[in-house]
Amino acid sequence: MKIAVIGQGYVGLTIAVFAGEHFEVVGFDNNPKIVDQLNRGISHIEGVEGSTLQSWIKAGRYRASNDGADIADVDLVVIAVPTPLTSDRKPDLDFIDAACKTVGENIKKPVLIINESTSFPGTLRNFIKPTIEKYSKDAVEHLYAISPERVDPGRGDYNQKNTPRLFAGLTPEASAMTREFYSKFCDQLVEVSSPEVAEAAKLFENTFRQVNIALVNEFAQIAHSLGISVYETLDAANTKPYGFMKFTPSAGVGGHCIPVDPTYLAAVAEEHGAPATFIRRANDVNLEMSKYVVDRVAADNAGSLAGKSVLVVGVAYKPNVADVRETAAELVIEHLRQRGAVVSWHDDVVGSWNGESSAPLSGADITVVVTKHDDVKVRDILDSAPFVFDTTGKIPGAKGL
Ligand SMILES: NC(=O)c1ccc[n+]([C@@H]2O[C@H](COP(=O)([O-])OP(=O)(O)OC[C@H]3O[C@@H](n4cnc5c(N)ncnc54)[C@H](O)[C@@H]3O)[C@@H](O)[C@H]2O)c1
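Attention in this report is confined to the structure presented alongside it. (Residues numbered from 1 in each chain as written. Predicted model: local features only at pLDDT ≥ 70, side-chain atom pairs only at ≥ 80, totals over all residues. Heavy atoms only, no water.)

## Let's talk about the overall build of the protein chain
Stage number 1. A tally of regular secondary structure across the protein chain gives twelve helices and 15 strands.
Stage number 2. For 401 residues, the compact-globule estimate of 2.2 N^0.38 gives 21 Å, and the C-alpha radius of gyration of the protein chain, at 23 Å, lies within 12% of that figure.
Stage number 3. For the protein chain, the C-alpha atoms occupy an extent of roughly 70 × 50 × 40 Å along the three principal directions.
Stage number 4. Out of the 401 residues in the protein chain, the part that is buried amounts to 50%.
Stage number 5. Approximately 18,100 Å² of the protein chain is accessible, and the part contributed by carbon and sulfur atoms is 53%.
Stage number 6. Taken together, the 39 basic and 52 acidic charged side chains of the protein chain have centroids lying 2 Å from each other. (Helix = DSSP H or I, 4+ residues; strand = E, 2+ residues; numbered from the N terminus. Rg over C-alpha atoms; globule rule 2.2 N^0.38 Å. Buried < 20%, exposed > 50% of the residue type's maximum accessible area, 1.4 Å probe, protein only. Areas by Shrake-Rupley, 256 points an atom, 1.4 Å probe, with all protein chains shown as cover. Lys, Arg positive; Asp, Glu negative; His and termini not counted. Charge placed at Lys NZ, Arg CZ, Asp CG, Glu CD.)

The structure is reproduced here in structure tokens:
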């Protein structure tokens, strides 16, 4: 069986490489630079080894392409393209539309099309199917299914194989074929009664995180105002063996999922006249956290940051990855600069970002830790400035949330 995976980013490349063990895979991406790199066996995604890619290429099991003709003879398509927000923070399905165009225009026999991109309930039935049909001149009757991706880039303990996978087809035949496909490389498949349930479950998983992170971020502010340690209080609460799950405070949330997916849920809720109060508020609390952090840093420095050299440590949105999408560091830097600080950042995992490069971890007046990668030493952070403010809870001896 030959498959195409549309989009060769975090999700698409990961799935392409897992599937490569069992199928011939065309990794379709509209970015020619990525296609060229991948065909040379160079992976741009953490957790996907170049050596695996190279062995699949050698065995004729993987090829990247940006030519639609290369997917014409596949039997199955996985869509894994970005689903961001528009500038006015509404769901943006333009990338899905473009992926549907590639499929519709190039595949002229019935195949199974599985969407792994995150979107609101109804996307498969009311957007992907009609859009592919719109672009297909041959009126091909494809099969459609959804299987939302749950991959957590950089994570070692859970991967494609041992993370239970939700799925649902638009028809029983699509469900059966989807089960057969994933059962080759996933241990546990969980079929739900409709694509809408699978789509909503994915959004709810990330909304659960967004709301709980907002709650703990609000609690960090309460604990500080009471003069108690938020971390000690959370550890104390966490001794309860049931009914509690520990989340830790931070400078905000980042990545492609947690700051974005809840807004997809809120948008569809409001469109259907249902409230999304918690979701909207949680988003605001997390976004406001960067300002709170900078206010605290200023308060500890006689109220002014003007002219101070401030080093932000860790600009990736989470430890040990180079991903800076929606990173809280961006807002922290913005607030610091608004207060007149001279800001540089240190993150050798990211290297360069926004036209700036990682600065040395030394010589600042103030260091603010937003993300701590494992290979950055606590001692080096503490020595980098006379005042260190930590938002991660990982720097004993520093001031912090
Ligand atoms: N990154 C995660 O941790 C994660 C986890 C679960 C779900 N998701 C969801 O998976 C989807 C993909 O996310 P990602 O993180 O892999 O994105 P990504 O930005 O890492 O990769 C997307 C890739 O798609 C390519 N692309 C864009 N439009 C295209 C098109 N029309 N045709 C072909 N290629 C195209 C881009 O060049 C890019 O390489 C999103 O809906 C996201 O919400 C992401």
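Text resumes after the structure shown.
## Side note on the site of the ligand
Stage number 1. Around the ligand lies a shell of 27 residues, among which Tyr 10, Val 11, Asp 29, Thr 83 and Thr 118 are the nearest.
Stage number 2. Take Tyr 10: an N or O atom from its main chain is 3.0 Å from an oxygen atom of the ligand.
Stage number 3. Asp 29 is positioned with one of its side-chain polar atoms (N or O) 2.6 Å from an oxygen atom of the ligand.
Stage number 4. For the ligand, the protein covers 92% of the area, taking 830 Å² as the surface of the free molecule.
Stage number 5. Sorting the residues of the shell around the ligand by element identifies α1 (10-19) and α4 (94-106) as the ones contributing at least two each.
Stage number 6. No other element matches the three residues that α4 contributes to the shell around the ligand.
Stage number 7. The class makeup of the residues in the shell around the ligand is 14 nonpolar, nine polar and four charged. (Near = heavy atom within 4 Å. Polar contact = N/O pair within 3.5 Å; in protein donor to acceptor, adjacent residues only side chain to side chain. Nonpolar A, V, L, I, M, F, W, Y, C, P; charged D, E, K, R; others polar.)

## Observations concerning the packing of aromatic side chains
Stage number 1. Per the counting criterion, the structure on display carries seven aromatic pairs.
Stage number 2. Every member of this aromatic cluster is reached through a ring pair, and the members are Phe 23, Phe 181, Tyr 182 and Phe 185.
Stage number 3. The ring of Trp 56 has Arg 61 lying over it, and the distance from NZ or CZ to the ring centre is 4.7 Å. (Phe/Tyr/Trp six-rings, centres within 6.5 Å; stacked < 30°, edge-to-face > 60°. Lys NZ or Arg CZ within 6 Å of the ring centre and 35° of its normal.)

## Comments concerning the environment of Pro 360
Stage number 1. Following the sequence through the fold, Pro 360 ends up in the loop between β12 (356-357) and β13 (366-369).
Stage number 2. For the pair Pro 360 and Ser 344, spaced 16 residues apart in the sequence, the C-alpha separation amounts to 9.2 Å.

## Some remarks on empty space enclosed by the protein
Taking a probe equal in size to a water molecule and rolling it over the atoms shows the remaining empty space.
Stage number 1. What the rule picks out here adds up to one cavity of 30 Å³ or more.
Stage number 2. Of the pockets and cavities examined, the largest cavity occupies roughly 70 Å³.
Stage number 3. Pro 148, Glu 149, Arg 150, Val 151, Asn 159, Gln 160, Thr 163, Pro 164 and Arg 165 together form the lining of the largest cavity. (1 Å grid on protein atoms, 1.4 Å probe; cavity = no way out; pocket = protein on both sides within 12 Å on 5 of 7 lines; lining within 4 Å. Points joined across faces, edges and corners; volume = space filled by probe spheres on them.)

## Observations regarding the pattern of salt bridges
Stage number 1. For the structure shown, the criterion picks out 25 salt bridges.
Stage number 2. Arg 63 is the salt-bridge partner of Asp 70, the closest N and O atoms lying 3.4 Å from each other.
Stage number 3. A residue is classified by how much of its surface remains accessible, and Asp 70, at 19% relative accessible area, is buried.
Stage number 4. Residues Arg 165 and Glu 149 are paired through a salt bridge, measuring 2.9 Å at the closest nitrogen-oxygen approach. Separated by 16 residues along the polypeptide, Arg 165 in strand β7 (residues 165-169) and Glu 149 in the loop between β6 (143-146) and β7 bring together distant segments of the chain. Judged on exposure class, the residue Arg 165 and its partner Glu 149 are both buried.
Stage number 5. Beyond isolated ion pairs, a larger network of salt bridges with shared partners links Lys 2, Glu 24 and Asp 73. (Salt bridge = Lys/Arg side-chain N within 4 Å of Asp/Glu carboxyl O.)

## Describing the sheet that holds strand β3 (residues 62-65)
Stage number 1. One open sheet accounts for eight strands, arranged β3-β2-β1-β4-β5-β6-β7-β8; its pairing is mixed. Two strands close off the open sheet at either side, each with one partner strand: β3 and β8 (189-191). Within the sheet, the average angular offset between the axes of one strand and its neighbour, ignoring direction, is 25°.
Stage number 2. Bridging between strand β1 (residues 2-6) and strand β2 (residues 24-28) involves five bridges; their strand directions are parallel. Within β2, the residue paired with Lys 2 across the bridge is Glu 24.
Stage number 3. Helix α5 (residues 123-135) rests against β4 (76-79), β5 (112-115) and β6 of the sheet, and its axis sits at about 145° to β6. (Pairing = 2+ DSSP bridges. Axes fitted to C-alpha atoms, helices over the stretch in contact; angles between N-to-C directions. Contact = heavy atoms within 4.5 Å.)

## As for a nonpolar patch on the surface
Stage number 1. The grouping of Phe 204, Phe 208 and Met 245 at the surface amounts to a nonpolar patch, some 330 Å² of accessible area in total.
Stage number 2. The residue Met 245 is located in the loop between α8 (230-237) and α9 (261-271) in this model.
Stage number 3. Judged by its relative accessible area of 53%, Met 245 falls in the exposed class. (Patch = residues over 30% accessible without salt bridge, like charges linked within 9 Å, V, L, I, M, F, W, Y side chains within 5 Å.)

## A few points about the sheet that holds strand β10 (residues 342-346)
Stage number 1. Read from one edge to the other, the open sheet built from five strands follows the order β10-β9-β13-β14-β15, with strand pairing classed as parallel. The open sheet terminates on both sides in strands that have one partner only, identified here as β10 and β15 (399-400).
Stage number 2. Pairing analysis gives four bridges linking β13 to strand β14 (residues 387-390), with the strands arranged parallel. Counterpart to Thr 367 in the pairing with β14 is Val 388.
Stage number 3. The strands that helix α10 (residues 277-299) touches are β13, β14 and β15; relative to β14, the one it contacts most, it runs at about 155°.

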